[in-house]
Amino acid sequence: MLKHLIRKVIFFLVANIVFITLCTPVMGETETGIPVDPQTLPDFVDDFFAKKMLEHHVPGAAVIIVKDGSVLFSKGYGYANIENDIPVDPQKTIFRVASVSKIFTIAGVLKLEEQGLLDLNRDINEYLEDFKVENNHEEPLKIKYLLTHTDGFETRDLGTFVQDPADLLSLKEVLKKDLNSPVQTPGSKITYGGYGTALAGYLISQVKNEPFEEYIDDNIFKPLHMDNSTFHQVLSDSMKENIATVYNYEEDANQFVPTQFLYVSTAPTGALSTTPEDMGIFMIALLNKGQYG
């Protein structure tokens, strides 16, 4: 039996982007039915997106597949902006990828650990200066728990977004105001949420004495030449021109209605704007032990 593996498949139809990493040099078909032969792959992907975009009312989408250190397939489908007839371009179209952003926050923390600037097995409070996290459990809130959704914090989405960047509080203010003691013993259970990753992002800013957004820019985006990626939410004019509009589909009217740009109150959990090709670079780097080119 052929042993094929798709390491990471993320279908994120809200942001209309799909990242796929294939980790096998063998031709043929994967156990999930996805062909890895570059000759047959385009037809498979075209057919898949034609069906799924129609079924789920997705106005525009992009896919990038990387394999053996290079891009195997990259293509855009539909429109980044329906009103202006702007098609999706995997090189230029910028998507807001929401919780996929957490991967970069985690990578940022691991980079600090690799440099000997923090210890993943130490209590987060040993590194915090402006405030301490209340923890009513005997088990300390170790940094590694923040990276694996085992921090024990409650899950809450209320107040995650604002409509005006002027209403954004600093990450420190958000955490001081909203962060309660873990409701579960740290390290005991996996519970998906945002507080742990937000705290991990704030840890970066504490250890490096610089804003989280700047650290990720200088230590991940620039070295990898991910020139169309940012955690800054007030975008440059060039990025604004290329960002994909997010739509709601109104079934009764059979039409897509553009939604307002929302700002994430905790940037490390979901503020990343990026292109499919930039994400391809990042995936290659992860598969190649942190190196690209």
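For every chain, the first residue of its written sequence is number 1, and the numbers climb from 1 along that sequence. Owing to the predicted nature of the model, reporting of local features is limited to residues with pLDDT of at least 70; listing and counting of side-chain atom pairs is limited to 80 or more, with chain, interface and lining totals taken over all residues. Note that the side-chain values use all heavy atoms of the structure and ignore hydrogens as well as water.

Things to note about the overall build of the protein
Secondary structure follows DSSP: runs of H or I at least 4 residues long count as helices, runs of E at least 2 residues long count as strands, and numbering of each begins at the N terminus. Tallying secondary structure elements over the protein gives nine helices and 11 strands in all. Using a 1.4 Å probe on the protein chains alone, a residue whose accessible area is under 20% of its type maximum counts as buried, one over 50% counts as exposed, and one in between counts as partly exposed. Counting all 293 residues of the protein, 46% fall into the buried class. Here the protein has roughly 15200 Å² of accessible surface; of this, 49% comes from carbon and sulfur atoms. Only the protein chains shown count as cover for residues, and the accessible areas themselves come from Shrake-Rupley with a 1.4 Å probe.

Some words on helix H1 (residues 41-56)
Given a helix with a known number of residues, its expected span is that number minus one, times 1.5 Å. Taking 1.5 Å of rise per residue, 16 residues should cover 22 Å, and H1 covers 22 Å from first to last C-alpha, within 8% of that figure. Three or more residues of H1 are buried, namely Leu41, Val45, Phe49 and Met53. Each buried residue of H1 sits inside an arc of 75° when the element is viewed along its axis, so together they form one side. Facing away from the buried surface of H1 by more than 90 degrees, the exposed residues are Asp43, Lys51 and Leu54. Positive backbone phi, at 55°, marks His57, one or two positions downstream of H1. Our arc is simply the arc of the directions from the helix axis toward the C-beta atoms.

A few points about the confidence of the model for the protein
Low-confidence regions, as indicated by low pLDDT, have predicted coordinates that should not be scrutinised in detail. The score called pLDDT rates the predictor's confidence residue by residue, from a low of 0 to a high of 100. On average, residues of the protein score 88 in pLDDT, and 87% of them are at 70 or above. Helix H3 (residues 143-146) holds the highest mean pLDDT among the elements of the protein, 98, whereas strand S1 (residues 6-12) holds the lowest, 33. Taken as a whole, residues 1-16 scores under 50 in pLDDT and shows 51 contacts with residues more than four places along the chain or in a different chain. Note on definitions: a residue-residue contact is assigned when non-hydrogen atoms from the two residues lie within 4.5 Å.

Let's talk about helix H6 (residues 212-221)
For H6, the set of buried residues is Phe212, Tyr215, Ile216, Asp217, Ile220 and Phe221. The elements touched by buried residues of H6 are helix H2 (102-114), helix H5 (195-208), helix H8 (267-270) and helix H9 (276-287).

A look at the packing of aromatic side chains
Stacked, tilted and edge-to-face are the three classes assigned to paired rings of Phe, Tyr and Trp, where Trp is represented by its six-membered ring and a pair needs centres within 6.5 Å; plane angles under 30 degrees give stacked, over 60 edge-to-face, the rest tilted. Scanning all chains against the criterion turns up 11 aromatic pairs. Centre to centre, the rings of Phe153 and Tyr195 are 6.3 Å apart; their planes meet at 70°, and the pair counts as edge-to-face. Here Phe153, found in the loop between H3 and strand S7 (161-162), pairs with Tyr195, found in helix H5; they are 42 residues apart in sequence, far enough to count as distant. In this structure, Phe153 and Tyr195 share a single accessibility class: buried. Between Tyr249 and Phe256 the ring centres are 5.2 Å apart and the planes differ by 55°, which places this aromatic pair in the tilted class. A relative accessible area of 23% places Tyr249 in the partly exposed class. A relative accessible area of 26% places Phe256 in the partly exposed class. Chaining the aromatic ring pairs together yields one cluster made of Phe104, Phe212, Phe221, Phe231 and Phe282.

A short note on the nonpolar core
Among buried residues, the Ala, Val, Leu, Ile, Met, Phe, Trp, Tyr and Cys ones that are joined through side-chain atoms within 4.5 Å form a nonpolar core. Phe104, Ile124, Val133 and Leu199 are the most contacted members of the largest nonpolar core, which has 49 residues in total. Those elements that place two or more of their residues in this core are H2, H3, helix H4 (171-178), H5, H6 and H9. When residues of this core are assigned to their parent elements, the largest contribution, seven residues, is made by H5.

Let's talk about the pattern of salt bridges
Within this document, salt bridges are pairs made up of a side-chain nitrogen of Lys or Arg and a carboxyl oxygen of Asp or Glu, the two lying within 4 Å of each other. Per the counting criterion, the structure on display carries 10 salt bridges. The shortest N-O distance in the salt bridge between Lys172 and Asp130 comes to 3.9 Å. Separated by 42 residues along the polypeptide, Lys172 in helix H4 and Asp130 in the loop between H2 and H3 bring together distant segments of the chain. A residue is classified by how much of its surface remains accessible, and Asp130, at 41% relative accessible area, is partly exposed.

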